[in-house]
Amino acid sequence: MALLVWQDDLNIGIDVIDQQHRRIIEMLNHLHVAQTSLQRAAVGEVIDEVVDYTMSHFAFEEELMEEAGYPFCAAHKRVHEVFIKRVSEYRMRFQAGEDISDELRTMLSRWLFNHIRGDDQAYAEQVKQHLNQFAREHQSGGWLGRTLKRFFG
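All values derive from a computational prediction rather than experimental measurement. (Residues numbered from 1 in each chain as written. Predicted model: local features only at pLDDT ≥ 70, side-chain atom pairs only at ≥ 80, totals over all residues. Heavy atoms only, no water.)

### Let's talk about the UniProt feature "binding site: Fe cation 2" (unreviewed entry) in the protein
Argument step 1. Under the local residue numbering, the UniProt record ascribes the feature "binding site: Fe cation 2" (unreviewed entry) to Glu-61, His-76, His-80, His-115 and Asp-120. Taken along the chain, the residues just named run across 60 residues; in space they keep tight, none of their C-alpha pairs more than 12.6 Å apart.
Argument step 2. Note on placement: Glu-61 falls in helix α2 (residues 40–68).
Argument step 3. Look past the residues within four positions of Glu-61 in its chain and what remains in contact with it is Ile-17, His-21, His-76, His-80, His-115, Asp-120 and Tyr-123.
Argument step 4. Setting aside its immediate chain neighbours within four residues, His-80 contacts Phe-58, Glu-61, Glu-62, Trp-111 and His-115.
Argument step 5. Polar contacts involving the side chain of His-80 include one to the side chain of Glu-61, which spans 2.9 Å. (UniProt positions renumbered as here; feature names shortened; annotations may be inferred. Helix = DSSP H or I, 4+ residues; strand = E, 2+ residues; numbered from the N terminus. Contact = heavy atoms within 4.5 Å. Polar contact = N/O pair within 3.5 Å; in protein donor to acceptor, adjacent residues only side chain to side chain.)

Encoded structure:
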């Protein structure tokens, strides 16, 4: 399997999320490099990094969806939970000595690309609107900043 390449249709239009998705793809490419160098310890480190980073990314994404009032947040969170369970099983198989690198990388790349293009695109517009509204409301430093500006110029 070749290195993964970021494709424009993976952008959901929320910079911080797009950067996190790109970082996950970089990690999957690191997994490929580690496995081709036949360094089992390096493969294990990358697997741990991918799992930990992905869990942090999911928590961040879920927080954004909740704050934006995305109506399918609970369902999206459940998709994340099922994914984490699946990846954790791969991690356990690896720790038991099984060579799961190719299988894991294939599953991760397919799942990630499909998840971004489907589930993540679905929440993107509502979260963007929420973030834009939040930015407008806090442009002048919130209530205190606006009040001070009104009174003192």
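Moving on, there is more to tell.
### Describing the nonpolar core
Argument step 1. Of all hydrophobic cores here, the largest spans 40 residues; its most connected members are Ile-47, Phe-83, Leu-104, Met-107, Leu-108, Leu-112 and Tyr-123.
Argument step 2. Mapped onto this core, the elements with two or more residues apiece are α1 (15–36), α2, α3 (73–95) and α4 (101–137).
Argument step 3. For Ile-47, the residues in contact, after removing those within four places along its chain, are Leu-31, Arg-91, Phe-94, Ile-100 and Leu-104. (Core = buried A, V, L, I, M, F, W, Y, C linked by side-chain atoms within 4.5 Å. Buried < 20%, exposed > 50% of the residue type's maximum accessible area, 1.4 Å probe, protein only.)

### Examining empty space enclosed by the protein
Argument step 1. Counted according to the given criterion, the structure contains one cavity of 30 Å³ or more.
Argument step 2. Taken together, Ile-24, Leu-28, Val-50, Thr-54, Phe-58, Phe-83, Leu-108, Trp-111 and Leu-112 make up the full set of residues lining the largest cavity.
Argument step 3. Of all the elements in the fold, those that place two or more residues in the lining of the largest cavity are α1, α2 and α4.
Argument step 4. Looking at the lining of the largest cavity residue by residue, the classes come out as eight nonpolar, one polar and no charged. (1 Å grid on protein atoms, 1.4 Å probe; cavity = no way out; pocket = protein on both sides within 12 Å on 5 of 7 lines; lining within 4 Å. Points joined across faces, edges and corners; volume = space filled by probe spheres on them. Nonpolar A, V, L, I, M, F, W, Y, C, P; charged D, E, K, R; others polar.)

### Things to note about α2
Argument step 1. Compared with the 42 Å implied by 1.5 Å per residue over 29 residues, the 42 Å span of α2 between its first and last C-alpha is a close match.
Argument step 2. Directly after α2, the chain includes Gly-69, whose backbone phi takes a positive value near 75°. (Expected span 1.5 Å × (residues − 1).)

### What about α4?
Because each turn of an α-helix spans 3.6 residues, side chains separated by three or four positions end up pointing in the same direction.
Argument step 1. With 37 residues, α4 extends only 47 Å from end C-alpha to end C-alpha; this falls clearly short of the ideal 54 Å at 1.5 Å per step.
Argument step 2. Largest kink in α4: about 45°, centred on Asp-120. (Bend = angle between axes of the 7 residues up to and from the residue.)

### Digging into the pattern of salt bridges
Argument step 1. On inspection of all chains with the given rule, the structure shows ten salt bridges.
Argument step 2. Here Arg-78 makes a salt bridge to Glu-81, at a shortest N to O gap of 3.5 Å. Residue Arg-78 and its partner Glu-81 are both found in helix α3; the two are separated by three residues, about one turn of the helix.
Argument step 3. Between Glu-103 and Arg-93 there is a salt bridge, with the nearest N and O atoms lying 3.0 Å from each other. Separated by ten residues along the polypeptide, Glu-103 in helix α4 and Arg-93 in helix α3 bring together distant segments of the chain.
Argument step 4. The exposure class of Arg-93 is partly exposed, given its relative accessible area of 26%.
Argument step 5. Shared partners join several salt bridges into a network, and the residues in it are Arg-23, Glu-26 and Glu-49. (Salt bridge = Lys/Arg side-chain N within 4 Å of Asp/Glu carboxyl O.)

### Brief notes about the UniProt feature "binding site: Fe cation 1" (unreviewed entry) in the protein
Argument step 1. UniProt tags His-21, His-57, Glu-61 and Asp-120 as "binding site: Fe cation 1" (unreviewed entry). Maximum C-alpha separation among the annotated residues is 12.2 Å over a sequence range of 100 residues, consistent with a single clustered spot.
Argument step 2. Looking at where Asp-120 falls in the secondary structure, it is placed in helix α4.
Argument step 3. Classification of Asp-120 by relative accessible area gives buried; the value is 0%.
Argument step 4. Setting aside residues no more than four positions away along its own chain, Asp-120 makes contact with Ile-12, His-21, Glu-61, His-76 and His-115.

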